[in-house]
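As a plain string of letters, each chain reads:
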Amino acid sequence: MSQQTYVMCKPDAVERGLVGEIIGRFEAKGLTVARAELRTIDRDTAAKHYAEHDGKPFFASLIDFITRGPSMLLVLEGPDDAGDDVFALVRLMMGSTNPAKSAPGTIRGDFGLLVTENLVHGSDSVESAAREIGIFFG
Ligand code: DAT
Ligand code: MG
């Protein structure tokens, strides 16, 4: 688990006061915070980040949502000798994209209800982790 991964507590998580809860879960699991910044993402950066979804019906509202207020931008890292890539553990702890279908015990499963307000982002591969860390902290 040598890789770092990119995580974002989205504007709904900041608005609802869940940033401490979310970071606390990752820290309690054994991950450490390597970088952290509260930042309102601009529309160009949001479009770059979510480029894979450009053209989909929800793209415009996704950009509106993610830029509507500050997000907590994070780089998380795990120990070198753990068994899996850190991005995969973070995704497991986040739960699936639609909070209504996320398992209890996951962040989205415990605190979310709507796919449009699903609290947290986590990179979905080693490659996207490197790309997203570059976009937000490069
Ligand atoms: P994830 O955030 O789990 O990686 P994703 O990359 O497929 O999910 O989508 C990015 C975000 O876009 C997701 O967190 C919420 C939003 N989204 C995805 N599918 C959606 C849909 N069908 N309707 C509305 N928003 C959606
Ligand atoms: Mg994704």
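Residues numbered from 1 in each chain as written. Chains lettered and ligands numbered in written order. Predicted model: local features only at pLDDT ≥ 70, side-chain atom pairs only at ≥ 80, totals over all residues. Heavy atoms only, no water.

A. Quick peek at the layout of surface pockets. One number sums up the size of the largest pocket: a volume of about 520 Å³. The wall of the largest pocket is formed by 26 residues, among which Lys10, Tyr50, His53, Leu62 and Thr97 lie closest to the centre. Contributing elements (two or more residues each) for the lining of the largest pocket: α4 (59-66), α5 (86-94), β4 (120-122) and α7 (126-137). (1 Å grid on protein atoms, 1.4 Å probe; cavity = no way out; pocket = protein on both sides within 12 Å on 5 of 7 lines; lining within 4 Å. Points joined across faces, edges and corners; volume = space filled by probe spheres on them. Helix = DSSP H or I, 4+ residues; strand = E, 2+ residues; numbered from the N terminus.)

B. Seen up close, the confidence of the model for the protein. Scored by pLDDT, the protein comes out at a mean of 96, with 97% of its residues at no less than 70. Averaged pLDDT values for the elements of the protein fall to 96 in α7 and rise to 99 in helix α1 (residues 11-15). (pLDDT = per-residue confidence, 0-100.)

C. Main features of the environment of Val86. One can find Val86 in helix α5. Along the backbone, Val86 and Ile22 are 64 residues apart, and their C-alpha atoms lie at a distance of 16 Å.

D. Main features of the site of ligand 1. The environment of ligand 1 is formed by Lys10, Tyr50, His53, Phe58, Leu62, Arg91, Thr97, Arg108, Val115, Thr116 and Asn118. At 2.8 Å from an oxygen atom of ligand 1 is found a side-chain nitrogen or oxygen belonging to Arg91. Between an oxygen atom of ligand 1 and a side-chain N or O atom of Arg108, the distance comes to 3.1 Å. When ligand 1 sits alone it has 520 Å² of accessible area, and the protein chains cover 75% of it. (Near = heavy atom within 4 Å. Polar contact = N/O pair within 3.5 Å; in protein donor to acceptor, adjacent residues only side chain to side chain. Areas by Shrake-Rupley, 256 points an atom, 1.4 Å probe, with all protein chains shown as cover.)

E. Molecular detail of helix α2 (residues 19-29). Taken as a whole, α2 has its buried residues at Val19, Ile22, Ile23 and Phe26. Across the axial projection of α2, the buried residues extend over an arc of 90 degrees, all falling on one side. Exposed and oriented more than 90 degrees from the buried face of α2 are Gly20 and Ala28. Backbone geometry just after α2 places Gly30 at a positive phi near 120 degrees. (Buried < 20%, exposed > 50% of the residue type's maximum accessible area, 1.4 Å probe, protein only. Arc of directions from axis to C-beta.)

F. Representation of the side chain of Asp12. Within the fold, Asp12 resides in helix α1. Comment: no salt bridge for buried Asp12; closest opposite-charge side chain is Arg16, at 5.2 Å. Here Asp12 is in contact with Phe65, Arg68, Glu117, Asn118 and Leu119, once residues within four sequence places are set aside. (Lys, Arg positive; Asp, Glu negative; His and termini not counted. Salt bridge = Lys/Arg side-chain N within 4 Å of Asp/Glu carboxyl O. Contact = heavy atoms within 4.5 Å.)

G. Summary view of the pairing of strand β3 (residues 71-77). Among the 7 residues in β3, 6 count as buried, and that is most of the element. In this structure, strand β1 (residues 4-9) lies alongside β3, joined through 6 bridges in antiparallel fashion. Bridging from a neighbouring strand, Thr5 pairs with Leu76 of β3. As paired elements, strand β2 (residues 32-39) and β3 share 7 bridges and run antiparallel to each other. (Pairing = 2+ DSSP bridges.)

H. Expanded view of the pattern of salt bridges. Taken as a whole and assessed by the stated rule, the structure comprises 6 salt bridges. In this structure, the salt-bridge partner of Asp110 is Arg25, at a minimum N-O distance of 2.8 Å. In this pair, Asp110 is assigned in helix α6 (residues 107-111) and Arg25 in helix α2, connecting sequence segments 85 residues apart. In this structure Asp110 comes out as partly exposed when scored by relative accessible area, which is 34%. A salt bridge links Arg39 to Glu37; its shortest N-O distance comes to 3.1 Å. On the basis of relative accessibility, which here comes to 23%, the residue Arg39 falls in the partly exposed class. Beyond isolated ion pairs, a larger network of salt bridges with shared partners links Glu15, Arg68 and Glu117.

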